[in-house]
Amino acid sequence: MPELPEVETIARGLHKRVAGDCIEDIWLSGKSPTFKSKPAEIAAILPGTCIRAVRRMGKHIVFDLESAGRKKKPQGIAKAKSRKAPALVAGPQWIVHLGMTGRMVVSDPSEESVKHTHAVLGLASGRELRFIDPRRFGRLSVVSAGNFEAGGVEPLEVNRERFVELFRGRKTPIKSALLNQKLLRGVGNIYADESLFRAGIRPRRRASTLSREQLERLYVSVQEVLKEAIALGGSSVSDYVDADGEEGFFQLKHRVYGREGERCLSCKTPIKRVVFIGRSSHYCPNCQK
DNA sequence: AATGAAACCTGACAGC
DNA sequence: TGCTGTCAGGTTTCAT
């Protein structure tokens, strides 16, 4: 389901709703392979913690936790360090990957839980935080503070030079590289196709055959597409909804994804769909070289 | 090293 | 009504 813009939207929504709340109890379905950490470990760590922040790293949702009733440590020690030192992370982190069909909702306990609910956290405010995932490609795990490795660089934080260097000289098709989370984290099938269209590059072009100018254009395209999508709350292609149950609207702005056979918006050539690396790729055979 | 297919799962939808 | 086949926003693992 979710790529960077959807996960960003969900994480912001969750932060607004549950930051500051505390986890009192937990229920887990135990169904594999939902749990990357053992369910018993998750059940042992989460209750008794408070949610300091909810944020996104790549396609992961990160819950920064701290032990309930314990104040943040004084930060005097950090003073001597450089201004660039990262904020101290007090407690464990709960990491949620939504896979293809994962959803997180804040519910009243009186609401019946839907099929494929795999985790329910009881919050001190009386509400419940629920994780629902029909296909079970999502993953839940806990890590100790600062131990989480999300992969490559953030597309919206990387500078142009680093971006170009990530791809320059690689023999792999540029779309494979864009989807490789160890290089760039957060871009998935929709936004790879949309970015490549805007940059005028075919998905199968080998990265090594792209000029610096083309890579710079791709850099701009990726950032524009992601920013526009976040502004519209993501793309709701089939069942994606954010933490408030609201659909996104970026699917209305797709120029190639899901538009096979329809006319290209800039040249009227029918959009093509080809399958490679096991996924659909959509492109305009005229505009993209 | 690097491509690519298969596997992990369920549900929706099209066609017969 | 029901069967079969295809497709789906992701990632990992195994074979070539």
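This text follows the structure it describes.
In this text the structure is predicted, and so the values were computed from the model without any measurement.

Trainee: In this structure, what is going on with the pattern of salt bridges? I would like to understand it.
Mentor: Pairing between side chains of opposite charge can happen when the charged atoms of each approach one another. Per the counting criterion, the structure on display carries 17 salt bridges. Between R56 and E154 there is a salt bridge; the shortest N-O distance is 2.9 Å. Of this pair, R56 sits in strand β2 (residues 49-57) while E154 sits in the loop between β8 (139-143) and α3 (160-167), placing them 98 residues apart in sequence. Given a relative accessible area of 13%, R56 falls into the buried group. One connected set of salt bridges, linked through shared partners, spans R160, E161, E165, R168, R212 and E216.

Trainee: Honestly, the packing of aromatic side chains in this entry has me stumped. Any pointers?
Mentor: With the rule as written, the count across this model stands at 4 aromatic pairs. When the centroid spacing of 4.6 Å and the interplanar angle of 35° are considered together, the rings of F63 and W94 count as tilted. Here F63, found in strand β3 (residues 60-67), pairs with W94, found in strand β4 (residues 93-97); they are 31 residues apart in sequence, far enough to count as distant. The same class applies to F63 as to W94, namely buried. Three or more aromatic residues link up through ring pairs in this structure, and these residues are F163, F167 and Y219.

Conventions and cut-offs
- Residues numbered from 1 in each chain as written.
- Chains lettered and ligands numbered in written order.
- Predicted model: local features only at pLDDT ≥ 70, side-chain atom pairs only at ≥ 80, totals over all residues.
- Heavy atoms only, no water.
- Salt bridge = Lys/Arg side-chain N within 4 Å of Asp/Glu carboxyl O.
- Helix = DSSP H or I, 4+ residues; strand = E, 2+ residues; numbered from the N terminus.
- Buried < 20%, exposed > 50% of the residue type's maximum accessible area, 1.4 Å probe, protein only.
- Phe/Tyr/Trp six-rings, centres within 6.5 Å; stacked < 30°, edge-to-face > 60°.

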